[in-house]
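# Commentary on secondary and tertiary structure
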Amino acid sequence: MISNFAQVLRSLLRAPMFTAFAVAAIALGIGANTAIFSVFRAVLLKPLPFANPNQLVMVWEDASHIGFARNTPAPANYEDWKRQNTVFSGIAAMQGYSGVLAGQPPEELTGRAVTPNMFEVMGVQPALGRAFREEDSQSDEIRVAILTDRLWRGRFNADPGIVGRQVTVSGARLEIIGVMPPSFQFPDRLAEIYVPAPVNSQRWKRRTSHFLMVVARLKDGVTVEKAQSEMTTIAKRLEQEYPNSNTKVGAVVVPLRTQAAGDTAPLLRTLFAAAVVLLLIACANVANLMLTRASGRQREYAIRLALGAGAGALLKQLVTEAMVLAGAGCAAGLALAALSLRFLGDLVPQFMRGILVPVIDAQVLLFSVAMTFASAVAIALLPGWRILRGGLSPALQHGDRTGASRASVRTRGALVVLEVALSVLLVSVGALLVQRMISLRGEALGFQPERLLTMRTRLPNPRYQDRLKRERYYDAVVERVRSLPGVREAGFVSVLPFLTRGNTSGFAVEGIQFGRGDENDALTRIGTPGYLRAMQAQLLAGRLFNETDSGDAPRVVVINETFSRRFYKSAQDAIGRRIQADGSGPNEPWRTVVGVVRDLKERGYVDNSKVGVYLPVKQDTGWVPEHFVVRFTGEPARLIQPVSAAIHEVDPELSIALVQTMETIVDEELSERKQHQSLSVAFAGIAVALAALGIFAVLSFNVLLRTRELGVRIAVGAQPASIAELVIRNGVVMTAIGILLGCAASEAAARVLRSLLDRVPESSPWLFAGVAAFFIAVSAVASLWPAMRAMRIDPMRVLRDE
C-alpha cells in the first residue's frame with residue numbers, strides 16, 4: 001500500500017501542470033460545497049438553543065384578504081386561542097417595547113414586553129436572577145426588567161451584582177431581576193431588554209388592534225398539521241362569534257425553525273444545488289484529464305499486463321491516484337471554505353446571527369470527506385472502465401503512441417458535452433438572478449433615497465405625553481436642522497419605508513359602504529410637513545400638507561396613487577373628497593383629500609399594491625413620529641454631529657439611534673439577494689472556465705491523436721486553414737450539443753427557481769440565444785490553440801515517422 005502510494009506521488013509530481021489543475025478544480029468544487037453546507041446546516045439543520053426546539057411554533061393571524069398572510073394577532077384573539085386550544089402545552093405572547101436608559105449619553109433600548117410564561121414556553125431560564133411571575137404583569141406600570149447578556153456585558157460591564165439594582169428607563173424606575181444567557185436572543189438579536197406585558201390594560205382587551213407575536217409549544221406527540229387543524233377550527237369559531245372584527249381572519253401555525261429561516265431557506269437550497277453542479281463539472285473535467293492521461297499511458301499499462309501485472313493492480317493505482325488528487329483538493333477546499341465563511345455570514349437570518357454561526361465542525365468535515373470520496377470514485381470510474389475494457393491488444397497490436405481508441409475520444413467528447421450542459425445551466429440561472437436584481441433595482445421607489453440621512457429619536461413617556469409638548473419639540477428640531485449648512489429639508493415620520501411591513505389602520509370612504517371582511521386597511525404614516533418634501537415624493541395632484549394644517553385647521557389627508565386608483569376616477573378626481581383615516585369608528589373625524597402622491601414602497605421590495613394615507617402630526621393625537629429624515633448636500637458623515645447637536649439643544653436627555661442613510665436601508669433590503677446573485681454568478685464563472693479548459697484539453701489531445709491523419713491531409717494538398725476549421729468545428733459541435741442539453745435543463749431549473757424565489761423572470765429565447773452565443777465564443781477561443789497547433793504540423797516529419 002505504501003509503495004503504491006509512493007509510486008502514485010512520483011507519477012503525479014512528474015506531471016505538475018496536470019496535478020495542480022486537478023487539485024485546484026476539486027478544491028473549488030469541494031470548497032464551495034463545504035462553505036454552503038456549513039451555512040445550510042447552521043440555518044436549517046442545527047437545533048435552536050431552546051429545550052426541545054422542534055416543539056416550538058409561531059402562531060399568526062391569517063389576514064390574507066388585506067395583504068397579511070402572517071399578521072400580528074390581536075390580544076383578545078390570543079386570549080381565546082390560549083383558553084380554547086388543546087394542542088399546546090404552553091402559549092405566550094409579546095409586543096414591542098422601547099425606552100431610553102438614563103445616562104451620559106442616554107441610550108435607546110429596544111426590547112419586548114412579554115407575558116410572564118414566555119421563558120417557560122421557550123424552555124429557557126435567566127442565567128442570573130429569576131424569570132417573570134404572574135404578579136409582575138398585573139399592573140399597567142412596569143416595575144421590573146430582565147436584561148439580555150449583550151446589554152448586561154456592554155452597558156453594565158457584566159456586573160455580577162446587577163440583580164436587584166434599579167435603573168431609570170424613560171423616566172420610570174425599573175428593578176433588574178435577571179439576565180438571560182448569551183444564547184438567548186428572541187425574537188431577534190436586536191432585543192436588549194424584556195419587561196412584563198401589561199395584560200390587564202384596556203389595549204390588551206381589544207380585538208381590532210393587532211400588535212402581538214405569539215409563540216407556543218406543542219404537546220408531546222402533537223404535529224404541526226394537527227395544531228394547524230385545531231387553530232383553523234378555533235379561528236372559524238371566533239369568526240362566527242365576532243363577525244365585525246374576525247371575518248376572514250384565520251390562524252397560521254409555523255414551526256419556529258421555518259419562521260426563523262424566513263426567505264433564506266430557498267436561497268440556500270438553490271445555492272447548494274449550484275455548488276453540487278459545480279462539483280460535478282469539476283469532477284467531469286478531472287475525469288476527462290485522467291482519461292486523457294490514462295490513454296497516453298495505455299501502452300505502458302498493456303506492457304505491464306503482458307508482463308504479469310494484474311488488472312486489479314492497475315485499477316488500484318488509478319483509484320489511489322484519484323484519491324490523492326481528491327484528498328489534496330479536499331484539504332485546499334476546506335481552507336477556501338474557512339476563508340469564505342466570514343463573507344457568508346450575511347446569509348444567516350437576523351434572528352440566528354450570533355447563536356447559530358456557520359463553522360467547519362465535525363459534521364461539516366464528515367460531509368467534506370464524503371464529498372471527497374464521491375469525487376474520487378467519479379474521477380476514477382470512467383478512466384478505469386476504459387482501461388480495463390480496452391485490454392492490452394489494441395495498444396500492442398497497433399503500436400499507437402497514445403494507445404487511444406476512437407471510443408475513448410468519444411468518451412472524452414461526451415464528458416465535455418456534460419461540462420458544457422452543466423455550465424449552461426449555471427450561467428442561465430445566474431443570468432436569471434441578475435435579471436431579477438436589475439428588475440428590483442429598476443423599480444420606482446416613489447422617493448429619492450440618495451442624500452437622505454435618517455435617525456430615530458424616541459420621545460419618552462410621561463415627559464412627552466402632552467401633544468402640544470411633542471409638537472413644540474418637532475417644530476424646534478426641524479427649525480434648527482433646516483438652518484444648518486447643506487440641509488435642504490427635514491421632517492419627522494412615524495414609520496420609514498422598508499423598516500416594517502405593517503403599521504396599518506382602518507379607513508372609510510364617503511359614499512362607499514364596506515362589507516364585513518372587505519379590505520379597508522391602509523398603510524398609515526403620520527409626519528411633519530417637511531417629511532414628504534424631504535423624501536421628494538412625487539405629487540400627482542393637489543398639494544402636500546404644510547405648516548397651516550394645524551390642530552385648529554380643517555382635517556386633511558394625503559393619499560397614495562393606489563388609493564386614488566381604487567376609489568376615484570383619477571388622482572385629480574380624489575382632491576376634495578372625504579375619507580376617515582387612522583380608524584373608521586363613529587368618532588373618527590372626516591378628512592379632506594388635499595393631495596395624491598405616487599406610491600412609496602413603504603413595505604420594501606414586496607407587493608406594494610396597498611392603499612396608503614399620510615396625516616399631519618398636528619392633526620393626529622394617537623401616533624408619535626420617531627424617525628427623523630434630513631435631505632442634504634455634501635457628505636452625510638459631516639452632517640451627523642450637527643444634526644445630533646441640534647436635537648440635544650432641544651432636549652439633551654433624548655437618545656439618538658439607527659443613524660444611517662436611506663440608501664443603506666434600501667441596500668440592506670437587497671443584501672441577501674445580492675449575495676445570492678454574486679455567489680451564483682461566481683459559480684457560473686468558475687464553471688465556464690472549467691468547461692473552456694475541458695474543450696481545450698480534449699481538442700489538444702485530439703490533435704495529438706490525429707497528428708498522422710492531419711499530416712497526411714496537409715501532404716496531399718489540404719490548406720492549413722481548412723485543418724484549423726476542422727479542429728474548431730469539432731469543438732463547436734461538442735459545445736452546441738452541450739448548449740441544447742443545458743438549455744433544456746435550464747428551462748426546468750427556471751420553473752423550480754420561480755417556485756422558490758420571488759420576482760424570478762420568465763426564461764426568454766433571447767436569454768438562451770445570448771447564453772448560446774457566449775458559449776460558442778468560449779468554445780472558439782478554447783479551440784484556437786489546438787487549431788494553431790494542427791496548422792503547424794510538419795507533413796514531411798509525419799511521413800518520415802510512417
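Residues numbered from 1 in each chain as written. Predicted model: local features only at pLDDT ≥ 70, side-chain atom pairs only at ≥ 80, totals over all residues. Heavy atoms only, no water.

## Here's the deal with the overall build of the protein chain
- In terms of regular secondary structure, the protein chain is built from 24 helices and 23 strands.
- For the protein chain, with 802 residues in total, the buried portion stands at 54%.
- When contacts within the protein chain are restricted to residue pairs at least 6 apart in sequence, those whose partners lie at least 24 apart make up 81%.
- On the protein chain, roughly 34600 Å² of surface is accessible, and the fraction owed to carbon and sulfur atoms is 57%. (Helix = DSSP H or I, 4+ residues; strand = E, 2+ residues; numbered from the N terminus. Buried < 20%, exposed > 50% of the residue type's maximum accessible area, 1.4 Å probe, protein only. Contact = heavy atoms within 4.5 Å. Areas by Shrake-Rupley, 256 points an atom, 1.4 Å probe, with all protein chains shown as cover.)

## Re the pattern of salt bridges
- Scanning the model with the defined rule gives 28 salt bridges in all.
- The residue Arg 41 makes a salt bridge to Asp 361 at a minimum N-O spacing of 2.5 Å. Here Asp 361 lies in the loop between helix H11 (311-344) and helix H12 (362-390) and Arg 41 lies in helix H2 (residues 16-44), a separation of 320 residues in the sequence.
- Notably, a salt bridge pairs Arg 525 with Glu 602, separated by 3.2 Å at the nearest N-O pair. With Arg 525 in strand S16 (residues 521-527) and Glu 602 in the loop between strand S20 (591-597) and strand S21 (612-616), this residue pair connects regions lying 77 residues apart in the sequence.
- Several salt bridges converge on common partners, so that one network encompasses Glu 108, Arg 456, Arg 458 and Glu 626. (Salt bridge = Lys/Arg side-chain N within 4 Å of Asp/Glu carboxyl O.)

## A short note on the confidence of the model for the protein chain
- This prediction gives the protein chain a mean pLDDT of 83; 87% of its residues lie at or above 70.
- When mean pLDDT is compared element by element in the protein chain, strand S10 (residues 213-218) scores highest at 96, while helix H13 (residues 393-398) scores lowest at 46.
- Overall, residues 391-404 carries pLDDT values under 50, and its contacts beyond four positions in sequence, including any with other chains, amount to 32 contacts. (pLDDT = per-residue confidence, 0-100.)

## Side note on the pairing of S20
- Of all seven residues in S20, six are buried, a share of seventy percent or more.
- Examined bridge by bridge, strand S17 (residues 539-542) and S20 share three bridges and lie antiparallel to one another. From the neighbouring strand, Leu 539 faces S20, where its bridge partner is Val 597.
- Pairing analysis gives five bridges linking strand S18 (residues 556-560) to S20, with the strands arranged parallel. Each bridged residue has a counterpart across the sheet, and for Ile 559 the counterpart in S20 is Val 596.
- Sheet topology note: the strand S19 (residues 578-580)/S20 ladder contains two bridges and is antiparallel. (Pairing = 2+ DSSP bridges.)

## Here's the deal with the nonpolar core
- Residues Phe 119, Met 122, Phe 184, Phe 186, Tyr 194 and Leu 426 are the most contacted members of the largest nonpolar core, which totals 119 residues.
- The biggest single contributor to this core is helix H9 (residues 264-296), with 16 residues.
- Contact partners of Tyr 194, with chain neighbours within four places excluded, come to Arg 112, Val 114, Phe 119, Phe 132, Ala 145, Ile 146, Thr 148, Met 180, Phe 184, Gln 185 and Phe 186.
- One finds Tyr 474, Val 557, Phe 632 and Leu 654 within the second-largest nonpolar core, a separate group that totals 43 residues. (Core = buried A, V, L, I, M, F, W, Y, C linked by side-chain atoms within 4.5 Å.)

## Concerning a nonpolar patch on the surface
- Residues Val 319, Met 323, Phe 373, Val 377 and Leu 381 make up a contiguous nonpolar surface patch of about 450 Å² in total accessible area.
- Secondary-structure elements contributing two or more residues to the nonpolar patch are H11 and H12.
- For the nonpolar patch, the leading source of residues is H12, giving three residues.
- When you line up the elements, Met 323 lands in helix H11. (Patch = residues over 30% accessible without salt bridge, like charges linked within 9 Å, V, L, I, M, F, W, Y side chains within 5 Å.)

## Some thoughts on unusual backbone geometry
- Following Phe 186, the chain continues to Pro 187 via a peptide bond in cis, the omega torsion being 5°.
- Considering the arrangement of structural elements, one finds Pro 187 in the loop between strand S8 (172-179) and strand S9 (193-196).
- Despite not being glycine, Ala 158 shows a phi value in the positive range, around 55°.
- Note on placement: Ala 158 falls in the loop between helix H5 (149-156) and strand S7 (166-169).

## Quick word on the packing of helix H3 (residues 75-84) against helix H6 (residues 224-241)
- It is the contact of H3 with H6, at a shortest axis distance of 11 Å, that shows an interaxial angle of 125°. The pairing of H3 with H6 is recorded here as oblique in orientation. Here H3 and H6 pass one another in a crossing that is right-handed. Every residue of H6 that contacts H3 at Asn 77, Asp 80, Trp 81 and Gln 84 is listed here: Glu 230, Met 231, Ile 234, Arg 237 and Leu 238.
- A breakdown of the residues in the contact of H3 with H6 according to their chemical character gives four nonpolar, two polar and three charged. (Axes fitted to C-alpha atoms, helices over the stretch in contact; angles between N-to-C directions. Parallel < 35°, antiparallel > 145°, perpendicular 65-115°, else oblique. Left-handed = near helix turned anticlockwise from the far one by under 90°. Nonpolar A, V, L, I, M, F, W, Y, C, P; charged D, E, K, R; others polar.)

## So, H3
- The set of residues buried in H3 consists of Pro 75, Ala 76, Asn 77, Tyr 78, Asp 80 and Trp 81.
- Considering only its buried residues, H3 is in contact with strand S1 (56-63), strand S3 (88-101), S10, H6, helix H7 (243-246) and strand S11 (250-255).

## Comments concerning the packing of aromatic side chains
- Throughout the structure, instances matching the rule amount to 21 aromatic pairs.
- Here the aromatic rings of Phe 119 and Tyr 194 are separated by 5.5 Å at their centres, their planes lie at 90°, and the arrangement is edge-to-face. Taken together, the residues Phe 119 in helix H4 (residues 118-122) and Tyr 194 in strand S9 connect sequence positions 75 residues apart.
- Among the residues examined, Phe 119 registers a relative accessible area of 1% and is labelled buried.
- Exposure remark for Tyr 194: the relative accessible area of 1% places this residue in the buried category.
- The interplanar angle of 50° and the centroid separation of 5.1 Å between the aromatic rings of Phe 563 and Phe 567 together place this pair among those described as tilted. With Phe 563 and Phe 567 both in helix H17 (residues 561-567) and four residues apart, the pair spans about one turn of that helix.
- By relative accessible area, which is 0% here, Phe 563 ends up buried.
- Put simply, the rings of Phe 50, Phe 119, Phe 132, Phe 184, Phe 186 and Tyr 194 touch in pairs and so form one group of aromatic residues.
- Above the face of the Tyr 242 ring, Arg 207 is positioned so that its terminal group lies 3.6 Å from the ring centre. (Phe/Tyr/Trp six-rings, centres within 6.5 Å; stacked < 30°, edge-to-face > 60°. Lys NZ or Arg CZ within 6 Å of the ring centre and 35° of its normal.)

## Brief notes about the side chain of Arg 591
- Of note, Arg 591 is situated in strand S20.
- Residue Arg 591 is classed as buried on the basis of its relative accessible area of 2%.
- There is a polar contact of 3.3 Å between the side chain of Arg 591 and the backbone oxygen of Gln 619.
- Once residues lying within four places of it in the same chain are set aside, the contact partners of Arg 591 are Arg 555, Val 556, Val 557, Arg 577, Arg 578, Ile 579, Ala 581, Leu 615, Gln 619 and Asp 620. (Polar contact = N/O pair within 3.5 Å; in protein donor to acceptor, adjacent residues only side chain to side chain.)

## Here's the deal with the environment of Ala 69
- One can find Ala 69 in strand S2 (residues 68-71).
- For the pair formed by Ala 69 and Ala 251, sequence separation is 182 residues and the distance between their alpha carbons is 9.3 Å.
- Aside from chain neighbours lying at most four places away, what touches Ala 69 is Glu 61, Asp 62, Ala 63, Ser 64 and Val 252.

## Topic: the side chain of Ser 680
- Residue placement: Ser 680 occurs in helix H20 (residues 662-705).
- On the accessibility criterion, Ser 680 (6% relative accessible area) is buried.
- Once residues lying within four places of it in the same chain are set aside, the contact partners of Ser 680 are Leu 271, Gly 430 and Leu 433.

## Section: the environment of Gly 31
- Relative to the helices and strands, Gly 31 resides in helix H2.
- Relative accessible area serves as the criterion here: at 4%, Gly 31 is assigned to the buried category.
- Residues Gly 31 and Gly 329 lie 298 residues apart in sequence; the distance between their C-alpha atoms is 8.5 Å.
- For Gly 31, the contacting residues outside a window of four places in its chain are Ile 26, Gly 333 and Ala 337.

## A word on the packing of helix H15 (residues 467-482) against helix H19 (residues 637-650)
- Running from amino to carboxyl end, H15 crosses H19 at an angle of 145°, the nearest separation of the two axes being 9 Å. With respect to the hand of their crossing, H15 and H19 are arranged in right-handed fashion. Within the contact between the two elements, H15 uses Tyr 473, Ala 476, Val 477, Arg 480 and Val 481 and H19 uses Val 643, Ala 646, Ile 647, Glu 649 and Val 650.
- Looking at the contact of H15 with H19 residue by residue, the classes come out as eight nonpolar, no polar and two charged.

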